[in-house]
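Structural characterization, general
As a plain string of letters, each chain reads:
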Amino acid sequence: MSQKPLTYADAGVSIDAGNALVKAIGPLARSTARPGADAELGGFGGLFDLKAAGYADPLLVAANDGVGTKLKLAIEAGRHDGVGIDLVAMCANDLIVQGAEPLFFLDYYATGKLDNAVAAEVVQSIAEGCRRAGCALIGGETAEMPGMYAYGDYDLAGFCVGAVDRDKVLTGQTIAPGDIILGLASSGVHSNGFSLVRRIIAERQWQLDARFPGLLGQTLGEALLEPTKIYVRALLPLTQQKRVKGLAHITGGGLLENIPRVMPDKCHAVVDADRWKLPEIFVMLQQGANIAAEEMARTFNCGIGMAVVVSPDRADEVANELEGAGESICEIGRIEEGRRGCTVSGRAGWNSTGEWSATHHA
């Protein structure tokens, strides 16, 4: 008896669905076009013209990242309109801390069974993130892999390349005792610590559609899925004009571990947690699992998404310019002489037992 010929579709992969998705997202990519890239899809690789972007002696800077287990909450809540912004933010914010302008972005979307409606929503949010960061979406990959992912699950990875002229690379080596640390407010939990967040939700049996006092009318899911703030447009003029000494993107490792990454030896960051109010979503998480203040400061951004180190004579000028760019900013600490690291201290707002202090050495 003759055997029925098998096709790729019989194995669970639809080439037609993939082609339809590429056709659907073409306009989204074109909406991110910028000097140096026309953002057309369809080739084997994306092209970028550094000369057209205006660089004289450029260095390329590359970053890649994902969204992590925040995706599980997005899938459970059926909300995919912010995760692409998270994906771009985690890469673009890492480039700006080195003074680099994000130029182009590529994404990787993997799933067990392609749902074009969900995929298009995700790519639409990636395009929105690219517009916020000023970079072009010039390509990507969609992988349909039956058996690798549970039904309805998907994963994301992002790859961003930026450029900075050689004489404007931000290394942090000029940071010195006496410098001021400014903090740019985060938009929420951003994209770190979600394995702990999901554990707390499970143990407390919180519902994502529940509304809690203090969340400004948002549901728990809406508050947790708030997209990561992209700081590129506000910070790029300052880095290009060499008016800041260092930037630290507050991601995994929190305040304690990220600030020292941009400092030279013999410089110690001292952060006063009383300088800003711990946002309500973090208060909920801390109280929900009785998390120690030190654990909060090394797991979450705790309301500060980016640290900006400036000389004392420029602190007011830089703060005013960032506020004019729409950022919420406050002075959160200073640089002192000592072993390279960071000390975060505060009062009852972070720990019901009162005064606390945590130190990390790089």
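The structure under discussion appears in the preceding block.
Below is a short write-up of the structure. Just so you know, these numbers come straight off a predicted model, no measurement behind them.

Under the defined criterion, the tally for this structure stands at 4 aromatic pairs. A ring pair is formed by W206 and F212, whose centres lie 5.7 Å apart and whose planes are at 65°; its orientation type is edge-to-face. On the basis of relative accessible area, W206 is assigned to the buried category, the value being 13%. For the pair F282 and F300, a centre-to-centre distance of 6.0 Å together with 55° between the ring planes defines the contact as tilted. In this pair, F282 is assigned in helix α9 (residues 280-289) and F300 in the loop between α10 (293-299) and β8 (304-310), connecting sequence segments 18 residues apart.

Soluble, globular proteins show a tendency: their nonpolar side chains are buried together. Counting 105 residues, the largest nonpolar core has F105, L235, I259 and W350 as the members making the most contacts within it. I259 has contacts with A248, I250, A269, V271, A307 and C342, leaving out every residue within four places of it along the chain. One finds A37, F48, L103 and A163 within the second-largest nonpolar core, a separate group that totals 10 residues.

Closest axis-to-axis distance for the helix α3 (residues 83-96)/helix α7 (residues 232-240) pair is 10 Å, and the angle between their directions is 15°. When the interaxial angle is binned, α3 and α7 end up roughly parallel. Between α3 and α7 lies a crossing whose hand is left-handed. Residue-level contacts link A92, N93 and I96 of α3 to V232, L235, L236 and T239 of α7. Per-class residue counts for the contact of α3 with α7 are 5 nonpolar, 2 polar and no charged.

Rules of the game
Residues numbered from 1 in each chain as written. Predicted model: local features only at pLDDT ≥ 70, side-chain atom pairs only at ≥ 80, totals over all residues. Heavy atoms only, no water. Phe/Tyr/Trp six-rings, centres within 6.5 Å; stacked < 30°, edge-to-face > 60°. Buried < 20%, exposed > 50% of the residue type's maximum accessible area, 1.4 Å probe, protein only. Helix = DSSP H or I, 4+ residues; strand = E, 2+ residues; numbered from the N terminus. Core = buried A, V, L, I, M, F, W, Y, C linked by side-chain atoms within 4.5 Å. Contact = heavy atoms within 4.5 Å. Axes fitted to C-alpha atoms, helices over the stretch in contact; angles between N-to-C directions. Parallel < 35°, antiparallel > 145°, perpendicular 65-115°, else oblique. Left-handed = near helix turned anticlockwise from the far one by under 90°. Nonpolar A, V, L, I, M, F, W, Y, C, P; charged D, E, K, R; others polar.

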